[in-house]
Amino acid sequence: MYAPEFDYHRAGSVAEAAELLSKHPDSKLLAGGHSLIPILKVRLASPSALIDIGRIDSLRGISSDGGTIRIGSLTTHAELASSEVLNVAATALSEAAGMIGDPAVRNRGTIGGNVAHADPASDLPAVLACLGAEFVISGPEGERTVGASDFFEGLMTTAVGEQDILTRIEVPASGPGEGSAYAKFAHPASRYAVIGAAARIASSGGTCTGASVALGGLVPAPVRAGAVEQALVGGPLTEESIAAASSAVADGLDDDEVLGDVYASAGYRKAVAHIWVRRAITAAAGRSG
Amino acid sequence: MSASTFGSGIRRREDPRLITGSAAYTDDIVLPGTLHAAMLRSPYAHARINGIDTSAASEASGVVAVYTHADTVDEIAPAPCAWLLPNSGLTIAEYHCVAKDTVRYVGDIVAVVVAESCSQAYDALDLIDVDYEPLDAVIAPKAAAAEDAPQLHDEIKGNQAFHWTVTGGGDIDEAFGAADVVVKETIVQQRLIPNAMEPRAALARYVQATGELTLWNTTQNPHIVRFLCSLVNGVPEDKLRVIAPEVGGGFGSKIAVYPADFITVFCSKKLGVPVKWVETRSENYQATTHGRDHVQEIEMAATSDGRITGLRATVHAGMGAYLSTAAPGIPTILHGLMLSGVYDIPAIHEDVYGIYTNTTPVEAYRGAGRPEATFMVERLVDLLASRLGLDPAEVRRRNFIPKFDDGHDVVTGLTYDSGDYDGALTKLLGKAGYEGLRAEQAAAREKGRHIGLGLSTYVEICGLGPSQVAGAIGFQGGLWESAILRFHPSGKVNVMIGASPHGQGEETTFAQIVAGELGVSPEDVKVIHGDTESTPMGWGTYGSRTTAVGGAALALAARKIRDKAKIIAAHLLEAAVEDMEYEDGNFFVKGSPDTGKTIQDIALMANVAWNMPEGVEAGLEATSFYDPPNFVFPYGAHLAVVEVDSETGNVELKRYIAVDDCGPQINPVIVEGQVHGGIVQGIGQAMWEEGVYDEDGQLLTGTMLDYALPRADRLPDIEVHSTVTPSPHHPLGVKGIGEAGTIASTAAVYNAVIDALQPLGVASVNMPLTPERVWRSIQESQGRN
């Protein structure tokens, strides 16, 4: 299809983008364009203007002070996937980024655009929820920081308001004895997650000392699997115990909330979710040693 | 013969322009002053149109014209169906190019907007106000055939387009009555969506001063487009030129001539300027023809030692809301006549009901009828093996038609040309290490892993076909092909062909045919196709017929050139024609090859004509129209190896081994490419692809986000082997290879998955074999036990 007519503005800085946003109330920010452009083409959205923030270099790049990894919102999936820093200290994030779409999508799509769009089948929201990421948002009232549980509000809705710009995402770096992983059941056509499971495990001498597990794909917004985490902490990280803990995942899923489609029904997704949870935990545990 | 001639795997000359983006497709052709058309398509699968208000759209920015049924009905005849299946009670529903008072599928055209830009045309579509009164829709072919089903067409009872029957051999009821064993199955051949890389497009330029119209069109058969367009749009055929520029894939979906094509021609005629229409991908999913959509109730009778004694089937074939150009022949002639497969089956009976449903019309899709036939036969043979506790390879061997090299009659009325089915299977089992694989499977089962092996031994019918047969089976055209071969003074060659390749590689292989026949370098031969003004009449590229029929026409034209060249050479060498010999481009007096005349020498002399033999015309050019005496019947044996994860239902394809026999291979690399592509498309049906409608007739898999096409990372390396059995009646011995892979592979993969699931008690799963479907079948089976 063809997009309806819109104006196009290119912002040179975050301040200029903010100013353009305030001038054009019915506008949308354009970053990598991989979620927005298809929506325009099928005419599900018809903003009067697009404000292109894609060339604001200050929003790009990954840096770490050892404790916190700061990721500019324009950082592409390809950059996440190949980042040495992330590979070591936030493995699940680079692993998940490498599973998004195909090389063309990964070269254009950005982390900020991805999470601000908040497609339930997207990979990064679950990973960021699992890793305890914080989201730095610049708005008319100044800058604020929001945790993952407050950032993802529901189906394709986030804490980013119409006048806001997501500038940066901060992820705690994993330390010794910690590891993270992402396991994905990919839709054969879209490559979006039918089920996405992210796990971060801390261990000491084969015993789980800390666990964070989050699910995406089959829920409107990423959820932490609290029951699985509780079952893991304090126990051994054996095949049996991980499988047993993973099976608790279904109890934490609200039947009315579980998503289904022509390819995979809600019932099926709920029944097999534990397998991907188990795979993510097993891989993360392996990396924690 | 030089290294780069017939039989050599030289590189495809098409590829440099295709992979560097310098090829020009219909949408790349830009004419000054072109207006753009957009089609308003029905959002309802079935509705009455109570009124259309186009006033707002007409006044929108850039809009030049808006047309509805009333504006077009006198100048565009209904879209024709051109395969008038005899003895089947065929009823053809009137297919108005712009819907009259009823829409019958989501995508049926209701109005057309012509505007200065594409965007303006699409913007104006939103301004057309149509008053629809929704009606009940019916989607599944068997449901549509039921007594109380919603009726699509007033004049057609029970939504039945036709009831076609094939009966052959002995009495079918007796065969089943006397059988030791009978195996049965119901198979859903799900609807597939072809997905050519280039969507469809048309650009029409009408010149009022001359009354001439040129149509650039995404088609597999420009001469058929010209013929039908002249009938539908009333442009005389001599003033109508159809050009198929670069065409980005078809797989059958660009055989039909569509309402939007006729409408684009109408708009240009009406407005006197060029008009372009390019479908969007969403439109492509909705309104370009789909494939398959059968429900097959099948059974096989056999003796206790595994000899097949009968095959009986009832098929409900969904045709969509209207009959597309060639649609009635696909689930009948190209399907039912192939039910003997590679086996001697003494009695066969099939009823095929073609049923109208509120869905996109169905047409040929790679394989077109033969994959659906092969699947039935190969599935039944596996069921028989399973019932008797025999290896599937052994049951096949017990029923194969023995090796033959000049004709074998099967009870459906066809005469296969040549084949050695056991030879292909034997080679396959050897290459695959079948015994070892069975041992691995047994060992894996011990450990709770589910590995499966699936065979598919197939024969297919292609090289369509003798024109006399075309007439007898109701095909409203001929099925011969043509070639003009023209030598220029410098010895370079132009070949003009009536067929219309669109990715298959015939620009390369046809140059190799000329090289093989006349000893020129293939680089010196340019193959021209796809323009009705510069090529001789031909019926097009589909049904794996371009090389099998058009290649024969070219070979015969080359042989005419050789005969003429020999006469000229004899004259120049002052020898008698009977004393002349020919070898690799050299014409010489017996015993004196060093003082001969080359084909290039003769081309020069024929063109300047300074010294020609008495009574021989100037020029070195020949035309041939080849009408084959019979179809050709490629065959082969394929094996798929899968592993099923019983916990998730996921199917992993681990190996795929193919042995195909298409006769002598003009270019083995191109053959391998066709085999690869064909196999992958068939695997797509088994594993991923399905056009799904909801009960209201909304297409739920209408984008590439939902409709799963095969991707390289889900496929193993495909192991391709071949045997060579020439066709006895073809001048080059060649058969077709474009569809063979697709015809074989769906059944191979399906059989492999069922084989893997056998210890879990699963007997059938509907395609595509998604993880959920496989998982559910395991759950249900475990629940039963």
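Each value, and the rule that gives it
Residues numbered from 1 in each chain as written. Chains lettered and ligands numbered in written order. Predicted model: local features only at pLDDT ≥ 70, side-chain atom pairs only at ≥ 80, totals over all residues. Heavy atoms only, no water. Helix = DSSP H or I, 4+ residues; strand = E, 2+ residues; numbered from the N terminus. Rg over C-alpha atoms; globule rule 2.2 N^0.38 Å. Contact = heavy atoms within 4.5 Å. Areas by Shrake-Rupley, 256 points an atom, 1.4 Å probe, with all protein chains shown as cover. Lys, Arg positive; Asp, Glu negative; His and termini not counted. Charge placed at Lys NZ, Arg CZ, Asp CG, Glu CD. Phe/Tyr/Trp six-rings, centres within 6.5 Å; stacked < 30°, edge-to-face > 60°. Buried < 20%, exposed > 50% of the residue type's maximum accessible area, 1.4 Å probe, protein only. Lys NZ or Arg CZ within 6 Å of the ring centre and 35° of its normal. Domains from an automatic or database assignment. Core = buried A, V, L, I, M, F, W, Y, C linked by side-chain atoms within 4.5 Å. Buried area = accessible area lost by both parts, 1.4 Å probe. Salt bridge = Lys/Arg side-chain N within 4 Å of Asp/Glu carboxyl O. Polar contact = N/O pair within 3.5 Å; in protein donor to acceptor, adjacent residues only side chain to side chain. Nonpolar A, V, L, I, M, F, W, Y, C, P; charged D, E, K, R; others polar. Patch = residues over 30% accessible without salt bridge, like charges linked within 9 Å, V, L, I, M, F, W, Y side chains within 5 Å. pLDDT = per-residue confidence, 0-100.

Caption draft 1: Local environment of the overall build of chain A. Across its full length, chain A carries 12 helices and 14 strands. In terms of overall size, chain A behaves like a compact globule, its C-alpha atoms giving a radius of gyration of 19 Å where 289 residues would be expected to give roughly 19 Å. For chain A, the spread of C-alpha atoms along the three principal axes comes to 60 × 45 × 35 Å. Contacts in chain A between residues far apart in sequence, at least 24 positions, make up 61% of those at least 6 positions apart. Accessible area for chain A stands at about 11800 Å²; split by element, carbon and sulfur atoms hold 50% of it. Here chain A contributes 21 positively and 32 negatively charged side chains, and the mean placements of these two sets differ by 6 Å.

Caption draft 2: Examining the packing of aromatic side chains more closely. By the definition in use, this model includes 23 aromatic pairs over all chains. Both rings, one in Tyr 268 of chain A and one in Trp 775 of chain B, keep their centres 5.1 Å apart while their planes meet at 65°; by these two values the pair is edge-to-face. Linking Tyr 268 of chain A in helix α12 (residues 266-288) with Trp 775 of chain B in helix α21 (residues 771-784), this pair reaches from one chain into another. With respect to class, Tyr 268 of chain A is no different from Trp 775 of chain B; both count as buried. Taken together through their ring pairs, the aromatic side chains of Phe 185, Tyr 263, Tyr 268 and Trp 276 of chain A together with Trp 775 of chain B make up a single cluster. Above the face of the Tyr 258 of chain B ring, Arg 200 of chain B is positioned so that its terminal group lies 3.4 Å from the ring centre. Directly above the aromatic system of Phe 176 of chain B lies the positively charged group of Arg 312 of chain B, at a separation of 4.1 Å from the ring centroid.

Caption draft 3: Broad picture of the domain arrangement of chain A. Annotation of chain A at the domain level lists domain 1 (7-52), domain 2 (57-172) and domain 3 (182-288). Spacing between the C-alpha centres of domain 1 of chain A and domain 3 of chain A amounts to 35 Å.

Caption draft 4: Highlighting the nonpolar core. All names here are of chain B. Within the largest apolar cluster, 170 residues are counted, with the highest numbers of intra-cluster contacts made by Tyr 416 and Leu 639. With 12 residues, the single largest contributor to this core is helix α20 (residues 740-757). Contacts of Tyr 416, omitting those with residues within four sequence positions, involve Met 338, Ser 340, Gly 341, Ile 401, Phe 404, Gly 407, His 408, Val 410, Tyr 421, Val 459 and Phe 633. Formed by 40 residues, the second largest nonpolar core is a distinct cluster that contains Ile 561, Ile 568, Ile 599 and Met 612.

Caption draft 5: Region of interest: the interface of chain B and chain A. Between chain B and chain A, the residue contacts involve 27 residues of the former and 26 residues of the latter. Summed over both partners, the interface of chain B with chain A buries about 2100 Å², with 56% contributed by carbon and sulfur atoms. When the buried area of chain B at its contact with chain A is split by residue, Glu 647, Arg 711 and Glu 772 of chain B rank highest and sum to 25% of it. Taken together, chain B and chain A are joined by five salt bridges. Arg 43 of chain A is paired through a salt bridge with Asp 123 of chain B; the nearest N and O atoms lie 2.8 Å apart. Seen at the junction of chain B and chain A, the total is 10 residue pairs in polar contact (both at pLDDT 80 or more). Within the residue set of the side of chain B that touches chain A, elements represented by two or more residues are α4 (118-125) and α21 of chain B. Residue composition of the side of chain B that touches chain A, grouped by class: 12 nonpolar, five polar and 10 charged.

Caption draft 6: Structural context of the domain arrangement of chain B. All names here are of chain B. Looking at chain B, the domain boundaries give domain 1 (31-135 + 197-249 + 254-287), domain 2 (362-457 + 631-784) and domain 3 (480-626). Inter-centroid distance (C-alpha atoms) of domain 1 to domain 2 is 39 Å. Between domain 1 and domain 2, the buried area comes to about 730 Å², and carbon and sulfur atoms account for 61% of it. Between domain 1 and domain 2 we count one residue pair in polar contact (both at pLDDT 80 or more) in total.

Caption draft 7: Spotlight on a negative patch on the surface. All names here are of chain B. The grouping of Asp 53, Asp 129, Asp 131 and Glu 133 at the surface amounts to a negative patch. The element that contributes the greatest number of residues to the negative patch is strand β6 (residues 129-134), accounting for three residues. Within the secondary structure, Asp 131 is located in strand β6.

Caption draft 8: Spotlight on the confidence of the model for chain B. Predicted confidence across chain B gives a mean pLDDT of 97, with 99% of residues reaching 70 or more. Here the predicted complex scores 0.97 on pTM and 0.96 on ipTM.

Caption draft 9: Region of the structure containing a nonpolar patch on the surface. Judged by side-chain polarity, Leu 604, Val 608 and Trp 610 of chain B come together as a nonpolar surface patch covering roughly 350 Å² of accessible area. If you trace the backbone, Leu 604 of chain B turns up in helix α18 (residues 599-608).

Caption draft 10: Here's a closer look at the pattern of salt bridges. On inspection of all chains with the given rule, the structure shows 53 salt bridges over all chains. Of the charged contacts in the structure, one is a salt bridge between Asp 713 of chain B and Arg 191 of chain A, with a shortest N-O distance of 2.8 Å. Residue Asp 713 of chain B is found in the loop between α19 (668-687) and β28 (718-722), and its partner Arg 191 of chain A is found in the loop between β11 (178-186) and β12 (193-204); the two belong to separate chains. Given the relative accessible area of 54%, Asp 713 of chain B is considered exposed. The salt bridge partner of Arg 396 of chain B is Glu 378 of chain B, with a shortest N-O separation of 2.8 Å. Here the residue Arg 396 of chain B occupies a position in helix α12 (residues 392-399), and Glu 378 of chain B occupies one in helix α11 (residues 370-388), the gap between them amounting to 18 residues. Using a relative accessible area of 0% as the deciding quantity, one classes Arg 396 of chain B as buried.

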